[in-house]
Amino acid sequence: MTADGIAAFADHVVGVSYDTLPPGAIQAAKTFILDGFGVGVAGSAGPWLDGLIASAGVQGQGDDARVWVFGNRLPASAVAMVNAYQMHNSEFDCVHEAAVVHAMTVPLAAIMAEAERTGDVDGKALITAAVLGVDVAAHIGVASRSNLRFFRPATAGAFGAVAALGKLRSFDRETLINAFGIALAQLSGTMQAHVDGGIMLAMQMGFNARNAVVAADMAERGLAAPAAVLEGEFGFFPLFEGDYDLRPSLDTLGKLWRIEEMAHKPFPSGRATHGVLDGLLTLKREQGFDASDVDRVICRVPPLTAQLVGRPIKDVMEANYARLSAPYVLASALIDGEVTIESFRSENLRDDGRLTIGKNITVEIDDNSDRNALTPVTVSVHLKNGTAHDITMDVVYGNPKKPLTRAEHLQKFRRNWSIAARPLPDDQAETLITAIDDLETLANVARLVDLMVAPAS
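Residues numbered from 1 in each chain as written. Predicted model: local features only at pLDDT ≥ 70, side-chain atom pairs only at ≥ 80, totals over all residues. Heavy atoms only, no water.

*Asks:* Before we go on, may I ask you to explain the overall build of the protein in this structure?
*Replies:* Within the protein, the regular secondary structure consists of 21 helices and six strands. What you see for the protein is a C-alpha radius of gyration of 21 Å, in line with the 23 Å of a compact globule of 457 residues. Across its three principal axes, the protein shows a C-alpha extent of roughly 70 × 55 × 40 Å. In the protein, which comprises 457 residues, the share counted as buried stands at 61%. (Helix = DSSP H or I, 4+ residues; strand = E, 2+ residues; numbered from the N terminus. Rg over C-alpha atoms; globule rule 2.2 N^0.38 Å. Buried < 20%, exposed > 50% of the residue type's maximum accessible area, 1.4 Å probe, protein only.)

*Asks:* Honestly, the layout of surface pockets in this entry has me stumped. Any pointers?
*Replies:* Take a probe with the size of a water molecule and roll it over the atoms, and the empty space left behind shows itself. There is about 520 Å³ of room inside the largest pocket. Along the wall of the largest pocket there are 22 residues; nearest its centre are Pro 266, Phe 267, Glu 338, Val 339 and Arg 415. Among the elements of the structure, helix H13 (271–287) and helix H19 (406–417) are those that each provide at least two residues to the lining of the largest pocket. Counting residues per element, the lining of the largest pocket draws most heavily on H19, at five residues. The residue makeup of the lining of the largest pocket, split by class, is ten nonpolar, four polar and eight charged. (1 Å grid on protein atoms, 1.4 Å probe; cavity = no way out; pocket = protein on both sides within 12 Å on 5 of 7 lines; lining within 4 Å. Points joined across faces, edges and corners; volume = space filled by probe spheres on them. Nonpolar A, V, L, I, M, F, W, Y, C, P; charged D, E, K, R; others polar.)

*Asks:* What exactly am I supposed to notice about empty space enclosed by the protein here?
*Replies:* All told, the structure shown has three cavities of 30 Å³ or more when counted by the stated rule. Estimates place the volume of the largest cavity at around 170 Å³. Lining of the largest cavity is provided by 18 residues; of these, Val 100, His 102, His 194, Arg 271 and Leu 308 occupy positions nearest its centre. Secondary-structure elements contributing two or more residues to the lining of the largest cavity are H13 and helix H14 (303–309).

*Asks:* Would you mind going over the pattern of salt bridges with me for this structure?
*Replies:* Pairing of side chains with opposite charge becomes possible as their charged atoms draw close. In the structure shown here, the tally under the stated rule is 26 salt bridges. For Asp 35, the salt bridge is made with Lys 412, and the minimal N-O distance between the two is 2.9 Å. Of the two residues, Asp 35 sits in helix H2 (residues 23–43) while Lys 412 sits in helix H19, which places them 377 residues apart along the sequence. Grouping residues by exposure puts Asp 35 and Lys 412 together as buried. Residue Glu 220 pairs with Arg 221 through a salt bridge whose shortest N-O separation is 3.7 Å. Because the salt bridges share partners, they merge into one network encompassing Glu 114, Arg 117, Arg 169, Asp 217, Glu 220 and Arg 221. (Salt bridge = Lys/Arg side-chain N within 4 Å of Asp/Glu carboxyl O.)

*Asks:* How should I be thinking about the sheet that holds strand E3 (residues 294–301) in this particular structure?
*Replies:* Each strand in a sheet pairs with its neighbour through backbone hydrogen bonds, running either in the same direction (parallel) or in the opposite one (antiparallel). An order of E4-E3-E5-E6 is seen for the four strands of this open sheet, with the pairing classed as mixed. Both outer strands of the open sheet, strand E4 (361–365) and strand E6 (388–393), are each paired with one neighbouring strand and no more. Looking at each pair of strands side by side, their axes are set apart by 15° on average, direction ignored. Note that strand E5 (residues 377–383) and E6 share six bridges and pair antiparallel. Bridging across to E6, Val 377 finds its partner in Met 393. The strands touched by H13 within the sheet are E3, E5 and E6, with E6 carrying the most contacts at an inclination of about 135°. Sitting on the sheet, helix H16 (residues 326–336) is in contact with E3 and E4, with an inclination near 135° to E4. (Pairing = 2+ DSSP bridges. Axes fitted to C-alpha atoms, helices over the stretch in contact; angles between N-to-C directions. Contact = heavy atoms within 4.5 Å.)

*Asks:* I keep staring at the pairing of E3 and nothing clicks. Help me out?
*Replies:* Side-chain direction in a regular strand flips from residue to residue, so the side chains alternate between the two faces of the sheet. Note: E3 against E5, six bridges, orientation antiparallel. By the bridge assignment, Val 294 is partnered in E5 with Leu 383. Across five bridges, the pairing between E3 and E4 is parallel. Paired with Val 297 across the strands is Ile 361, a residue of E4.

*Asks:* It is not clear to me how unusual backbone geometry should be interpreted in this structure. Could you clarify?
*Replies:* Most peptide bonds adopt trans geometry, and most residues besides glycine take a negative phi value. Cis geometry is adopted by the peptide bond preceding Pro 376, which originates at Thr 375 and carries an omega value of 0°. With respect to the helices, strands and loops of the structure, Pro 376 is situated in the loop between E4 and E5. Despite not being glycine, Val 69 has its phi angle at roughly 75°, a positive value. By the secondary structure assignment, Val 69 is in the loop between strand E1 (65–66) and strand E2 (73–74).

*Asks:* Mind showing me how you'd approach the environment of Ala 99 here?
*Replies:* Within the secondary structure, Ala 99 is located in the loop between helix H4 (76–88) and helix H5 (105–118). Placed 145 residues apart in sequence, Ala 99 and Tyr 244 show a C-alpha to C-alpha distance of 12 Å. What Ala 99 contacts, discounting residues up to four positions off in sequence, is Ala 138, Gly 141, Val 142 and Arg 152.

*Asks:* Looking at this structure, I do not really get the packing of H2 against helix H6 (residues 123–143). What am I missing?
*Replies:* The angle between the axes and the distance between the axes are what describe a pair of packed helices. Remark: H2 packs on H6, axes separated minimally by 9 Å, with the N-to-C direction vectors making an angle of 90°. It follows from the interaxial angle that H2 and H6 lie roughly perpendicular. Residues Ala 25, Ile 26, Ala 29, Lys 30 and Ile 33 of H2 form the contact with H6, whose own contacting residues are Leu 126, Ile 127, Ala 130 and Val 131. Classifying every residue of the contact of H2 with H6 gives eight nonpolar, no polar and one charged. (Parallel < 35°, antiparallel > 145°, perpendicular 65-115°, else oblique.)

*Asks:* Please clarify how helix H7 (residues 152–168) should be interpreted in this entry.
*Replies:* Each turn of an α-helix holds 3.6 residues, which means side chains three or four residues apart point in the same direction. For H7, with 17 residues, the first-to-last C-alpha span of 24 Å sits near the 24 Å given by 1.5 Å per residue. H7 sits mainly inside the fold: 15 of its 17 residues count as buried. The positive-phi residue at the C-terminal boundary of H7 is Ser 170, with phi of around 60°. (Expected span 1.5 Å × (residues − 1).)

*Asks:* What is the right way to look at the side chain of Thr 282 in this model?
*Replies:* Within the element layout of this structure, Thr 282 appears in helix H13. Classification of Thr 282 as buried rests on a relative accessible area of 11%. If we skip the residues at most four places from it in the chain, Thr 282 touches Ile 391 and Met 393.

Scope: geometric values only; no functional claims are made or implied.
Right, dumping it as structure tokens:
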């Protein structure tokens, strides 16, 4: 077997148990599992769900698991695809900033599909699988030293999902390495979808969740794959990323738990908008100006931030494009004092006042040499009376160093719950919160999906 860093990740997954997890990782898993469920419920109201569910239903046979909110029964791989798409289609899912990976999304979708298919996954197993899925995805992400060429949240997320599924199925080292190799052969995630700002971006999360389930199914039945998954001549890093340094990640396996570094997203827009958004809202609170007082806004940001969200506002744009446009997001914050799912409704996307303000917001690239840095960012607000106010944000709201409070976390969850495509009773939300708080005592986590499906009308 060719030596490759993937073997260290396989050993890590095989060797970890719930009892070896630190309390901080367990608590973080509970927090971000609930957050993932909430954004998945909100995502049910996103675009093209009817088409996605219909197309998924003709791709194979089986009724293993259920689509959140809608309740359609589909094969596990198809359900993983749909639910991952729901979690990412409003850009509201948690993220590991240094890795530039939404490290919970793809693994959690795959885990829950597996849990329903088998019916024997308990709360401790869910926590362990989620921690390991995030760990693998984020450790791989932070090893990259290159600009994003492929959509890393989807590609690294696939490896995280395979790790989680391998743990749930008690794969040995060799089987897990084969599963990682089969996932490599199926990886998808072009950054062109990010440039275009369409729904294909979120679909790429779905494709990789589906492919992770397929990879685990095939590896379990004996399909062998190349073992040089990460560092081979055409492995993940040379092919998808370019420059990388995997050693720091391998040296910290089992010592540094990446799930404890996950950042909440307090706003349903690209995480790279959050630094300038946090800065603008802070200045607005401190200085008391309104949208009508502002002449222009200048944002100085790292190259990656500019790549991800420096796109200009357009007279005609879809919600997915607008969520990745710092000028639009900041214009919405100036007008509304906040950014919510409603900020991206069609009437707001066509609002002349919002578009006019957004065209006076510019994004400039600073001299940051870190290819994966989202901060620091500087926001300069120039008012019509000739005064200017500047602020630099080193740590962004939602980061573990500037976290959401529990009350804010639950407020986000309940707000997402309230906008599901089909009405979900409030008492189911509260039962779900309690169940996640006591997750280690839950005998069968399929019960959680019961709570996320709308009652029959």
